[in-house]
Amino acid sequence: MSIQIPRGTQDILPGEIELWQYIEEKAKDVCRRFNYQEIRTPIFEHTDLFQRGVGDTTDIVQREMYTFEDRGKRSITLRPEGTAGVARSYVEKKMYGQANQPTKLYYNGPMFRYERPQSGRMRQFVQFGVEAIGSSDPAIDAEVLALAMSIYEELGLKEVKLVLNSLGDKESRDSHRQALIDHFKPSISEFCEDCQNRLEKNPLRILDCKKDRDHPLMSTAPSILDYLNEESKTYFEKVRAHLDQIGISYVVDPTLVRGLDYYYHTAFEIMAEGEGFGAITTLCGGGRYTGLVEDLGGPSSPGIGFAFSIERLIMALKAKNQVIPSAPKLDCYVVSLGDEAKDKTVELVYQLRKAGISADKDYLDKKMKAQFKAADRLDARYTAILGDNELTQGKINVKDMETGDQVEVELDAFIDYLKEKTVGGK
Ligand code: HAM
């Protein structure tokens, strides 16, 4: 019996991978211009990290983690998100001590959540994310938001909406929390079991419940924006002013609650708008966090970041029929006729490749006609044709597949000739 791919995962094959590479290159280039550097942290971490970092009451920690005991009897978890690992590394590698602050990092790698797979929701997905740690200047919030929006814009995705909220500082959150408890408590029995559990532990998460979304008490729930103290209000106003200053448009949604516990002040999501998109419309999520670095044993270092999955970004690009780059052409396919010529092609393709030219040849003992077909299928820019006769004369034929022109070239000059035509001529 054949073995199938695990549910919620996917193979990304040639033909599709070019799009991934294109997105990753674009996103990295935007990060470069914003002066963010790449960090790679492990795919698995100690389970504690996520319990402490992401939060015990979150869906992620309660039911979505891939946790197992390793052979050394340690509890290990495949990372469900990137922020906790980056914060752990920031503390462990004492990045707070480096001269240039804030520390501005980006990452790109697989994350794992045991969720019910559906379109746009995978069990293994790739997050591209950014974290700026060590500054509580509202200008860095605007920078991070601008960075996220630039990636979408530069990929040609204009129909996205930046949704913004403030969750306030601890004081504001505590008074809002109490107001939520007072609001929901009398009728909590009408809510699902999860919400009943959330009431005392984390009532903010009730607002994010999918099951009780339509309960009348949801729309009348106290808004965080009415509970922001002066400091939080000013902070939020400054973030907004900076966004206005650089011309990033957004809508404020006081019901925006993020699914992770570490957020304070700025919280945001980027949503896909318009037709042609499935049930899941959140493309990107992020916000400001205070306390995460301290909880992991570091000094007080507030941060802000976001992450989006490349899978959802691709869905959005496809829904909008955005131009998708195709596989790069092969520079040269070397066709041979006769045994000696065939042997010679081993050397020729190697020399072409060394010279920076992409090249390939037949390995299946195909007839000449079939070799030409292969060159066609590979969309080769040039085909070089070598027969035993040409070989003895020290010549080779080169056909330009776009114009159909064919020239005979000295074998000794062949590599330089093609170099001039391809990499040299570019
Ligand atoms: P999150 O909202 O849990 O935040 O996830 C961020 C993004 O990851 C989502 O908007 C979505 O694009 C993608 N994503 C999440 N789960 C899945 C899934 N099962 N399948 C496909 N895509 C998914 C975080 O992870 C935070 N660490 C973001 C952050 C960084 N906040 C501050 N810094």
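The structure we're discussing is the one just above.
Report on the accompanying structure. What you are looking at is a predicted structure, and each value in this text was computed from that prediction instead of being measured.

**Considerations on the pairing of strand β9 (residues 263–272)**
The buried fraction of β9 is high, at ten of ten residues. In terms of strand pairing, strand β7 (residues 160–166) meets β9 through seven bridges, oriented antiparallel. By the bridge assignment, Lys161 is partnered in β9 with Met271. With seven bridges joining them, β9 and strand β10 (residues 282–289) adopt antiparallel strand pairing. Within β10, the residue paired with Phe268 across the bridge is Gly286.

**Some points on the packing of helix α6 (residues 170–184) against helix α7 (residues 193–201)**
Think of two packed helices as two axes; the pair is described by the angle between the axes and how far apart they sit. Where α6 contacts α7, the axes come no closer than 9 Å and their chain directions differ by 140°. As judged from the angle between their axes, α6 and α7 are oblique. Crossing handedness for the pair α6 and α7: left-handed. Seen from α6, the contacting residues are Arg177, Ile181 and Phe184; seen from α7, they are Leu199, Glu200 and Lys201.

**A look at the layout of surface pockets**
For the second largest pocket, the calculated volume is near 440 Å³. Secondary structure elements with two or more residues in the lining of the second largest pocket: α2 (47–53), α6 and α10 (292–295). A total of six residues in the lining of the second largest pocket trace back to one element, the largest contributor, which is α6. By residue class, the composition of the lining of the second largest pocket is eight nonpolar, eight polar and nine charged.

Criteria and cut-off values
Every residue gets a number counted from 1 within its own chain, in the order that chain's sequence is written. Whole-chain, interface and lining totals are the exception, using all residues; otherwise, since this is a predicted model, local features are given only for residues with pLDDT of at least 70 and side-chain atom pairs are given and counted only at 80 or more. In computing side-chain values, all of the structure's heavy atoms are included and hydrogens and water are not. Only protein chains enter the area calculation, which uses a 1.4 Å probe; residues under 20% of their type maximum are buried, those over 50% are exposed, and those in between are partly exposed. Numbered from the N terminus, helices here are DSSP runs of H or I no shorter than four residues, and strands are runs of E no shorter than two. In this analysis, strands are considered paired if DSSP registers two or more bridges between them. Helix axes use the C-alpha atoms of the stretch in contact, all axes being lines fitted to C-alpha atoms, and the angles between their N-to-C directions lie in the range 0 to 180 degrees. An angle counts as roughly parallel when it lies under 35 degrees, as roughly antiparallel when it exceeds 145, as roughly perpendicular when it falls between 65 and 115, and as oblique in every other case. In this scheme the handedness of a crossing depends on how the near helix is turned from the far one: anticlockwise by less than a right angle means left-handed, clockwise means right-handed. Contacts are residue-level and defined by heavy atoms, with any inter-residue pair within 4.5 Å sufficient. Put plainly, a pocket is an open set of points on a 1 Å grid over the protein atoms alone with protein on both sides within 12 Å along at least five of seven lines, a cavity is a set where a 1.4 Å probe fits but cannot get out, and a lining residue has an atom within 4 Å of a point. Grid points are joined across faces, edges and corners, and a volume is the space filled by probe spheres set on the points. Throughout, the ten residues Ala, Val, Leu, Ile, Met, Phe, Trp, Tyr, Cys and Pro are labelled nonpolar, Asp, Glu, Lys and Arg are labelled charged, and all others, Gly among them, are labelled polar.

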